[in-house]
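# Reading the structure
The lines below spell out each chain.
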Amino acid sequence: MYVERIPALLDNYIFLLVDRARQEAVAIDPGEAAPVFDRLKALDCRLSAIFNTHHHHDHIGGTKALMQAFPDLVVYGGVRDRGRLPGQQVFLEGGERLRFADRPIDVLFVPGHTHGHLAYYLPPAPEGDGWGELFSGDVIFGAGCGRLFEGTPAQMLQSIAQLRQLPDTTRIWCAHEYTLGNLAFALTIEPDNEALQQRAIDTRAARSRQEPTVPLDLGQEKQTNPFLRWDSPAIQATLQTTDPVRTFSKLRGKKDLW
Ligand code: ZN
Ligand code: FE
C-alpha cells in the first residue's frame, strides 16, 4: 500500500491509499470527483471506500459522483457528522481500528475545527521505511492549524496535543496547501527560531518550483509550527502567558486577524 496526493479545487489535496496488488483504493476527503476518476483510471483501480475527516464541502463534494460510479463503495465518517456526510454508512467515534490492504488504520477523534472531526493514522509498516502516515484533514496544516469553526481553543489544543504525541517520523497528509502563508505568520510569532527561518527559505524555493509542501514532517512541525509550540518559552514570552490554553487561544486569535 502507498499514498497518492491529488491536487483539487483551489488549494485542497485529496489522498488515495492504493493497493496495487488488489487494484483497489480508498479516497480520503474527496472534495471533487473528476481528479479522483482520472487517477483511478490511470492506476486501473476501483474505489472501495471513502474516509471522511469532516463535513465541509471542500472535503465531501466528490462523494456522490464517486458513489454512482462505484456502487459498492463504503463511506466512513464521524458519528457526530451524521446527516452531513453524503452516503455515510459507517459512524466512527474515534478509537476504532480499521484496515486497508496490509495496514491497520487508527481512527482519532480530534474536534475543534468542527465538532466531529476525525484523523486517520497508519502506524509504520513492519517492512516499510519506518514512517507512519497521518491524515489530519483541517486540524494541522504546514506551520498552522485549522480555524475554530465549531469548537473551542481548549478542544483544539487537546486534539493537536493528541497528534503531537505521535512519533517525529510521521508524515502528515493535511488537506490544504497553506504552508507558505502560514510560515509568514509563524515568523511574526517566533522571529528568532532558526529552524523556522530555514524552513521559510526552503518552502519559498519549493513553492516557486511549484512543488507541494505536503506531506509534512511531524518532527519539523514540532520545531517550527507555533500551534504545536504552546509550551515554547519564546512563544509564551511573546504572548505574555504560560497557560497552554491561553497561549493557544491568543495564537489562533492573532492568526484570525492576520
Ligand atoms: Zn474544513
Ligand atoms: Fe478544508
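Look above for the structure.
Note that the coordinates shown come from a computational prediction; the quantities given were computed from them, not determined experimentally.

Once that is clear, we can look at the sheet that holds strand S13 (residues 170-174). With mixed pairing, the 6 strands of this open sheet are ordered in space as S7-S8-S9-S10-S13-S14. At either end of the open sheet lies a strand with only one pairing partner, and these are strand S7 (97-100) and strand S14 (216-217). Bridge count between strand S8 (residues 103-109) and strand S9 (residues 118-122): 4 bridges; the pairing is antiparallel. The residue bridging Leu108 from the neighbouring strand is Ala119, located in S9.

Taking 1.5 Å as the rise per residue, helix H6 (residues 194-208) with 15 residues should run 21 Å; its terminal C-alpha atoms sit 21 Å apart, in good agreement. On its buried face, H6 sits against helix H5 (179-189), S14 and helix H7 (218-224). The N-cap of H6, judged by a side-chain oxygen 3.0 Å from the amide nitrogen of Ala195 a few residues on, is Asn193.

Time to look at H5. An α-helix turns once every 3.6 residues. As a result, residues three or four positions apart point the same way. Of all the residues in H5, the buried ones are Thr179, Asn182, Leu183, Phe185, Ala186 and Ile189. All buried residues of H5 fall inside an arc of 165° around its axis, so they share one side.

Reading guide: rules and limits
Residues numbered from 1 in each chain as written. Chains lettered and ligands numbered in written order. Predicted model: local features only at pLDDT ≥ 70, side-chain atom pairs only at ≥ 80, totals over all residues. Heavy atoms only, no water. Pairing = 2+ DSSP bridges. Helix = DSSP H or I, 4+ residues; strand = E, 2+ residues; numbered from the N terminus. Expected span 1.5 Å × (residues − 1). Contact = heavy atoms within 4.5 Å. Polar contact = N/O pair within 3.5 Å; in protein donor to acceptor, adjacent residues only side chain to side chain. Buried < 20%, exposed > 50% of the residue type's maximum accessible area, 1.4 Å probe, protein only. Arc of directions from axis to C-beta.

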